[in-house]
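Structural description and commentary
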Amino acid sequence: MIPTKGKVLIDFHAEWCGPCKAMTPTLNQFEESSDIPLVKVNVDTESDLAKKYGIRSIPCFIVIENGLEKSRKIGMQNLDQLLESVK
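An account of the accompanying structure is given in this report. (Residues numbered from 1 in each chain as written. Predicted model: local features only at pLDDT ≥ 70, side-chain atom pairs only at ≥ 80, totals over all residues. Heavy atoms only, no water.)

1. What about the packing of aromatic side chains?
This structure, assessed with the given rule, holds 1 aromatic pair. Between the aromatic rings of Phe12 and Tyr53, the centroid separation amounts to 5.8 Å while the plane-to-plane angle is 50 degrees, which identifies the pairing as tilted. One end of the pair, Phe12, is in strand β1 (residues 7–13); the other, Tyr53, is in the loop between α3 (47–52) and β3 (60–65), with 41 residues separating them in the sequence. Residue Phe12 shares its accessibility class with Tyr53, and that shared class is buried. (Phe/Tyr/Trp six-rings, centres within 6.5 Å; stacked < 30°, edge-to-face > 60°. Helix = DSSP H or I, 4+ residues; strand = E, 2+ residues; numbered from the N terminus. Buried < 20%, exposed > 50% of the residue type's maximum accessible area, 1.4 Å probe, protein only.)

Written out as structure tokens, the structure is:
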């Protein structure tokens, strides 16, 4: 479930996605560097949620603040890009 209060970064990914797997170390660094929660959503097992957010390409990172989408980045991101997106 996606929180409706505060800010959260959602990582839409899939197990079979090479770039998604390559993002794992960066996402781990994000969790260590930021107090913003990271919610990982597997598009294969959470297809309704992926459909709700119109996910067509992965990895896809969406910042939600108080229930509203604030930004969306598609493709591999570095740590600085992720941290900047949640500012």
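2. Concerning the sheet that holds β3
Spatially, β2-β1-β3-β4 is the arrangement adopted by the 4 strands of the open sheet, whose pairing is mixed. The open sheet has two edge strands with one neighbour each: β2 (38–42) and β4 (68–74). With direction set aside, neighbouring strand axes in the sheet form an average angle of 20 degrees. Strand direction decides the pairing type here: β3 and β4, joined by 6 bridges, are antiparallel. Bridge pairing in β4 links Glu65 to Leu68. (Pairing = 2+ DSSP bridges. Axes fitted to C-alpha atoms, helices over the stretch in contact; angles between N-to-C directions.)

3. With respect to unusual backbone geometry
The linkage connecting Ile58 with the following residue, Pro59, adopts the cis geometry, with an omega of -5 degrees. Position of Pro59 relative to the elements: it lies in the loop between α3 and β3.

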